[in-house]
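Chain by chain, the residues:
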Amino acid sequence: MINPISQKLLDKNGFTPCGMCFNASGPESGKEYSKDVHRLHAGFCVRILDKKTRHLLYLPDECANYVKDVFFAAGMSFSIQAASQPSTPATIPSYKFDAFTKALEIRIDRIGADLREKIKWLQSLEGSEQVQVVMVYLNMNDPACPLYYPYFCDIDFLFAGCLPGSAAGS
């Protein structure tokens, strides 16, 4: 975002813009835009190599058009599926904390009926008082995604993009 030459090179080489990473780097980066604001924002882009695999997507209404536009732009095959209740009681999350950016990334590969409790548990991890930014990657290949997406909106998360072709299969 702060380097237009990189943007042009990525665009020229077939990368598709797909999201934003707000508050990407911490004050230690040395790059400041004002006295009070230390964090930077960055854009995500992808270059899809496997354009043949058909992706089954379960999309919340709020972001469905955006995600479809990204998949079209990336030349990916996909179909939109109807949401359903979690097929498992247990949510499968993973997380990592970056001490430099003070960002906690939570990835939810499988949505279970206990998702709300798992998120509360992750928020109470040792060292969570150091967290300044939380990013949640919710698997849009999981049939329960549209049912649990509003929960994150209710606790003040905002949709910032998608990662087509990511490890969760989206």
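Since we're looking at a predicted model, the values are computed, not measured.

What counts, and at which threshold
Each chain has its residues counted from 1, running along the sequence as written. Per-residue local features of the predicted model are confined to residues with pLDDT of at least 70, and side-chain atom pairs are confined, for both listing and counting, to 80 or more; whole-chain, interface and lining totals are unaffected and use all residues. The basis for every side-chain value is the complete set of non-hydrogen atoms in the structure, without hydrogens or water. Secondary structure elements are taken from DSSP: a helix is a run of H or I of four residues or more, a strand is a run of E of two residues or more, and numbering for both begins at the N terminus. Using a 1.4 Å probe on the protein chains alone, a residue whose accessible area is under 20% of its type maximum counts as buried, one over 50% counts as exposed, and one in between counts as partly exposed. Only heavy atoms matter for contacts: two residues are in contact if any of them lie within 4.5 Å across the pair. All accessible areas in this document rest on Shrake-Rupley with a 1.4 Å probe, and a residue is counted as covered only by the protein chains that are shown. For the purposes of these results, a polar contact is taken to be a pair of N or O atoms within 3.5 Å, where, inside protein, one atom must be able to donate a hydrogen and its partner to accept one; residues adjacent in sequence count only when each atom of the pair is a side-chain atom. Strands are treated as partners if at least two bridges between them are detected by DSSP. What counts as a salt bridge is simple: a side-chain nitrogen of Lys or Arg found within 4 Å of a carboxyl oxygen of Asp or Glu. The span you would expect from a helix comes to 1.5 Å times its residue count less one. Working note: the arc is built from the helix axis to C-beta atom directions.

(A) How the structure looks around the overall build of the protein. The helix and strand tally for the protein stands at four helices and seven strands. In the protein, which comprises 170 residues, the proportion classed as buried is 34%. The long-range share in the protein, meaning contacts at least 24 apart out of those at least 6 apart in sequence, stands at 67%. Surface exposure of the protein reaches about 10,300 Å², of which carbon and sulfur atoms provide 54%.

(B) Representation of the environment of D142. Among the structural elements, D142 can be located in the loop between β7 (133-138) and α4 (145-154). As for D142 and Q85, which are separated by 57 residues in sequence, their C-alpha atoms are 9.7 Å apart. Each residue touching D142, except ones within four places of it in the same chain, is listed here: Y58, D109, R110 and I111. Among the polar contacts made by the side chain of D142, one reaches the main-chain amide nitrogen of A144 at a distance of 2.9 Å.

(C) Layout of the pairing of strand β6 (residues 103-110). Direction of pairing for strand β5 (residues 92-98) relative to β6: antiparallel, over a ladder of seven bridges. Following the sheet pairing, F97 is matched in β6 by L104. If you look at the hairpin formed by β5 and β6, you'll find four residues sitting between the two strands, and K102 has a positive phi there, around 60 degrees. When β6 meets β7, the two strands line up parallel, connected through six bridges. In the sheet register, A103 faces β7, and the bridge partner there is V133.

(D) Structural context of the pattern of salt bridges. Under the defined criterion, the tally for this structure stands at two salt bridges. K118 is paired through a salt bridge with D114; the nearest N and O atoms lie 3.6 Å apart. A relative accessible area of 25% means that K118 is categorised as partly exposed. Overall, the relative accessible area of 19% leaves D114 in the buried class.

(E) Structural context of helix α2 (residues 61-73). For α2, spanning 13 residues, the distance from its first C-alpha to its last is 19 Å, which sits close to the expected 18 Å at 1.5 Å a residue. Residues of α2 that are buried: C63, A64, V67, V70 and F71. The buried residues of α2 all sit within an arc of 140 degrees when viewed along its axis, so they share a single face. Projecting away from the buried face of α2 at angles above 90 degrees are the exposed residues N65, D69, F72 and A73. Looking one or two places after α2, you find G75, whose phi comes out positive at around 70 degrees.

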